[in-house]
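# Per-entry structural report
Each chain, written out:
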Amino acid sequence: MSAKAVTIAQQKGGAGKTTIAAQLAVAFATAGKRVGLVDIDPQGSLAAWFEVRKALVDGQGGGVTLLQASGWRLTTELDRLRRDLDIIVIDSPPHAETDVRIAVRAADLILVPMQPSPMDLWATQPTLDMAKKEKSAALMVFNRTPARGKLVDAVRRKIREAEMPMANTVLGNRVAFAMSMMEGKGVVESNPRHIAAKEIRALAEEISAKLKMD
Ligand SMILES: Nc1ncnc2c1ncn2[C@@H]1O[C@H](COP(=O)(O)OP(=O)(O)OP(=O)(O)O)[C@@H](O)[C@H]1O
Ligand SMILES: [Mg+2]
């Protein structure tokens, strides 16, 4: 069996790509999957988290394998990784670089995090267009969602009207995500009963179902 690949992409900076990549990887690993993480962002934030994880968790990746790759190596390295794993999560930088295009093309699903706001909705369109052009399925997900609010409902309505692909799972505005990462962990490890852990598990399950993994 060849691993499925999910690329997390969003041209808007700070939408939560790296946070969700790490959190999802740990959620998949905790659910018993063999997980690869790929950092194609030259900022290397995901790789930095992984270093902390190695140092503080088990001297290795705590059930997660990390690959830093770019350029022409990306496609061949991804093919190699696919052979031994169940799922690969790729974190991408906030620009439409060639590497992002390669990662979008290679993936089975493009996960597009966005805050529920009009600015984020408009900023999401180029990423959806790229997914379409590269013939990859896309799924938008609300991140840093306020507990309640008319704005969330209004943005959701717009997305529904436009028939854009939207995840049922919503990620709240939760400090627990960043807190767990400070220790090189995911929230499902550091605080498994927390609402943030429930949310990220639900997102992992939704993605598994979409990719027909179980
Ligand atoms: N669900 C959330 N709740 C609270 N804070 C969050 C959440 N998701 C992300 N953040 C915070 O938002 C900030 C940006 O997150 P992150 O670095 O993951 O975004 P990014 O899309 O990877 O950014 P970049 O475009 O620079 O790569 C970080 O401080 C992170 O801790
Ligand atoms: Mg990032």
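Quick look at the structure, then. The residue numbers shown here count from 1 along each chain, following its written sequence. Here every chain gets a letter starting at A, and every ligand a number starting at 1, in the order they are written. With the structure being a predicted model, the display of local features is reserved for residues of pLDDT at least 70 and the display and counting of side-chain atom pairs for 80 or more, all residues being used for whole-chain, interface and lining totals.

Moving on, we get to the nonpolar core. A set of buried residues qualifies as a nonpolar core if it consists of Ala, Val, Leu, Ile, Met, Phe, Trp, Tyr and Cys joined through C-beta atoms within 7 Å. Comment: burial labels come from other C-beta atoms within 10 Å of the residue's own C-beta, placed from the backbone, where a count of 20 or more is buried, 12 or fewer is exposed, and between is partly exposed. In terms of nonpolar packing, the biggest core is built from 56 residues, with Leu24, Ala25, Val89 and Ile90 touching the most fellow members. Each residue touching Leu24, except ones within four places of it in the same chain, is listed here: Val89, Ile200, Leu203 and Ala204. C-beta atoms are placed from the backbone for every residue, and two residues are taken to be in contact when these atoms lie within 7 Å.

In this section: the environment of Arg101. Starting at the N terminus, helices and strands are each numbered in turn, a helix being any DSSP run of H or I of at least four residues and a strand any DSSP run of E of at least two. Structurally, Arg101 is set in helix H4 (residues 98–106). Along the chain, Arg101 and Thr127 lie 26 residues apart, while their C-alpha atoms are 9.7 Å from each other. Those residues in contact with Arg101 that lie beyond four places of it in its chain are Met130 and Glu134.

In space, the six strands of this open sheet follow the order E3-E2-E4-E1-E5-E6, with parallel pairing throughout. Of all strands in the sheet, those with a lone pairing partner are strand E3 (64–68) and strand E6 (137–142), marking the two edges. If you compare each strand with its neighbour and ignore which way they point, the axes differ by 25° on average. Summarising the sheet, strand E1 (residues 4–8) and strand E5 (residues 109–114) pair through three bridges and their orientation is parallel. Within E5, the position partnered with Val6 by the bridge is Leu109. Where helix H5 (residues 118–133) meets the sheet, it contacts E5 and E6, and its direction lies at approximately 170° from that of E5. Strands were regarded as paired on the criterion that DSSP finds at least two bridges between them. Inter-axis angles, ranging from 0 to 180 degrees, are taken between N-to-C directions of lines fitted to C-alpha atoms, where helices are fitted over the stretch in contact.

Turning our eyes to something else, we now look at the packing of helix H3 (residues 73–84) against H4. For the pair H3 and H4, the least separation of the axes is 10 Å and the interaxial angle reads 30°. Taken as axis vectors, H3 and H4 run roughly parallel relative to one another. Of the two possible hands of crossing, H3 and H4 adopt the one that is right-handed. Contact residues: Leu74, Thr75 and Leu78 in H3; Asp99, Ile102, Ala103 and Ala106 in H4. Note that Gly is not counted as nonpolar here; it falls among the polar residues with everything else outside the nonpolar set of Ala, Val, Leu, Ile, Met, Phe, Trp, Tyr, Cys and Pro and the charged set of Asp, Glu, Lys and Arg. Here the contact of H3 with H4 is built from residues that sort into five nonpolar, one polar and one charged. Throughout this description, any angle smaller than 35 degrees is read as roughly parallel, any larger than 145 degrees as roughly antiparallel, any in the 65 to 115 degree range as roughly perpendicular, and the remainder as oblique. Each crossing is labelled by how the near helix is turned from the far one, with a counterclockwise turn of less than a right angle marking it left-handed and a clockwise turn marking it right-handed.

On to the site of ligand 1, then. Here, nearness is defined through the C-beta atom: a residue counts as near a molecule or strand if that backbone-placed atom lies within 6 Å of it. By nearness alone, 18 residues border ligand 1, and Gly16, Lys17, Thr18, Thr19 and Pro94 come closest of all. When residues of the shell around ligand 1 are traced back to their parent elements, those giving at least two are helix H1 (17–30) and helix H7 (175–182). The element contributing the most residues to the shell around ligand 1 is H1, with three residues. When grouped by side-chain class, the residues that make up the shell around ligand 1 number six nonpolar, eight polar and four charged.

Turning next to unusual backbone geometry. Although it is not a glycine, Lys135 adopts a positive phi angle of roughly 60°. For Lys135, the position within the fold is in the loop between H5 and E6. Among the residues examined, Lys135 registers 8 C-beta atoms within 10 Å and is labelled exposed. You will see that Glu163, though not glycine, has its phi angle at about 55°, which is positive. Topologically, Glu163 is positioned in the loop between helix H6 (150–161) and H7.

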